[in-house]
Amino acid sequence: MPELPEVETIRRHLQRVVPGSGITQVAVGLPKIVKLPITLFRRRVVGTTIRRFRRRSKLLLVELSTGRRRAGGHGWTMIIHLKMSGQLIWRPRRGRMVAGGHPIPGGLDDLPNKYSHVIFVTNRGTLFFNDQRQFGFVKLVPTVDLEYWLEGQGYGPEPLSSDFTVALFERILRQHRQKRVKSALLDQHVVAGLGNIYADEACWYGRVRPTRRISSLRVAERRALYRGLRKSIAVGVRWQGTTLRFFRTPSGRTGRMALHLKVYGRSGLRCYRRDGIIRKITFQGRGTHFCTRCQR
Ligand SMILES: [Zn+2]
């Protein structure tokens with residue numbers, strides 16, 4: 001599943017090329033992906049211009065201009081969640097394609113394909129929302145109500161925001177003392193945007209074993225975990241996530257984060273701190289990786 005760094009990477013790339021494009025047509029192949037009646041969705045979206053791409057947690061927020069049908073005089077924001085296997089692909093009339101999300105099987109010459117469930121045609125190019133497993137969704141929220149709507153989702157702080165201080169992290173952890181470290185990191189109310197990969201990475205950077213109980217962590221360990229989780233996300237964003245592909249040609253190029261993972265997918269290999277071997281266990285139903293020596 002794309003996590004915060006993957007979604008942020010797609011956001012940055014789409015933000016560079018898509019804003020200013022006017023939506024002229026919308027095709028919905030699979031109605032359940034769109035969380036409102038299709039005719040209404042189409043009426044609200046067609047005729048608007050894509051203004052900008054924002055992100056909160058793993059949600060992509062696509063701000064639209066005011067269209068033909070107004071929401072109290074304001075435009076709508078389209079909320080896109082890629083979930084397990086969603087992809088967004090921008091095919092411009094001119095220039096190179098941008099594609100991100102789940103690794104994309106095969107070439108992109110055959111778009112739309114059978115997984116292209118929502119297609120936005122604009123005056124500058126086409127945006128495809130593909131989803132093989134169909135867990136992803138598209139919603140509309142009036143832009144004026146967006147902050148309120150997001151608050152209602154109860155997301156914890158954005159790990160890279162300046163509001164997310166070590167003091168705030170400590171305060172949040174006190175409410176989750178009974179949880180294990182990894183489950184706390186995966187809990188979107190504790191901190192937004194981490195999934196299985198970055199939770200394991202965060203624990204390695206923080207030198208904390210993911211199976212520890214929060215209540216057992218000493219102050220220094222909680223602080224190290226705080227720094228570790230910020231670091232894992234920052235590294236993920238820097239290397240453009242594990243799954244992104246930009247396409248000059250259909251052979252493409254992948255996000256380089258996979259080369260920078262410290263524990264995830266390294267089971268049986270030597271720890272980069274040259275002390276132990278990375279072990280993989282199943283913890284609360286998820287593959288969990290840690291070094292048996294430096295993570296205590
Ligand atoms: Zn180690």
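Above this text sits the structure in question.
Residues numbered from 1 in each chain as written. Predicted model: local features only at pLDDT ≥ 70, side-chain atom pairs only at ≥ 80, totals over all residues.

**Considerations on the overall build of the protein**
Stated formally: By definition, any uninterrupted DSSP run of H or I lasting at least four residues is a helix, any uninterrupted run of E lasting at least two residues is a strand, and each is numbered from the N terminus. All radius of gyration figures rest on C-alpha atoms, and the globule criterion is 2.2 Å times the number of residues raised to 0.38. Exposure in this text rests on C-beta crowding, where 20 or more other C-beta atoms within 10 Å of a residue's own make it buried, 12 or fewer make it exposed, and counts in between make it partly exposed. The C-beta atoms are placed from the backbone.
The helix and strand inventory of the protein stands at seven helices and 13 strands. For 296 residues, the compact-globule estimate of 2.2 N^0.38 gives 19 Å, and the protein sits close to it at 20 Å. When its C-alpha atoms are laid out on the principal axes, the protein stretches across 60 × 45 × 30 Å. Out of the 296 residues in the protein, the part that is buried amounts to 40%.

**Let's talk about the packing of helix 4 (residues 166-174) against helix 7 (residues 219-238)**
Rules: Between the N-to-C directions of two axes lies an angle of 0 to 180 degrees, each axis being a line fitted to C-alpha atoms and, for a helix, fitted only over the stretch in contact. Small angles under 35 degrees read as roughly parallel and large ones over 145 as roughly antiparallel, with 65 to 115 read as roughly perpendicular and the rest as oblique. Here a crossing is taken to be left-handed if its near helix is turned anticlockwise relative to the far helix by less than a right angle, and right-handed if that turn runs clockwise. Each residue gets a C-beta atom placed from its backbone, and two residues are in contact if those atoms lie within 7 Å. For this classification, the nonpolar set comprises Ala, Val, Leu, Ile, Met, Phe, Trp, Tyr, Cys and Pro, the charged set comprises Asp, Glu, Lys and Arg, and every other residue, Gly included, is treated as polar.
Put simply, helix 4 and helix 7 touch, their axes get as near as 10 Å, and they point 115° apart. Here helix 7 runs roughly perpendicular to helix 4, going by the angle between their axes. Considering the relative orientation of helix 4 and helix 7, their crossing is right-handed. For the pair helix 4 and helix 7, contact is made by Val 166, Phe 169, Glu 170 and Leu 173 and by Arg 222, Arg 223 and Tyr 226, respectively. For the contact of helix 4 with helix 7, the per-class residue count stands at four nonpolar, no polar and three charged.

**What about the sheet that holds strand 4 (residues 76-81)?**
Threshold: Pairing between strands is defined by DSSP: at least two bridges between them are needed.
Pairing is antiparallel across the open sheet formed by four strands, whose spatial order is 2-3-4-9. The sheet is open, and its two edges are formed by strand 2 (50-56) and strand 9 (137-142), each paired on a single side. Each adjacent strand pair in this sheet contributes to an overall mean axis angle of 25°, direction not counted. Where strand 3 (residues 59-64) lies against strand 4, five bridges are found, and the strand directions are antiparallel. Bridge pairing links Val 62 to Met 78 in strand 4. Across the face of the sheet, helix 1 (residues 4-17) comes into contact with strand 2 and strand 3 while running at roughly 165° to strand 2.

**Observations regarding the pairing of strand 2**
Relative to strand 3, strand 2 runs antiparallel, the two being bridged by six bridges. Counted as the bridge partner of Phe 53 is Val 62 from strand 3. The hairpin turn running from strand 2 into strand 3, its antiparallel successor, is two residues long, and Ser 57 in that turn takes a positive phi close to 55°.

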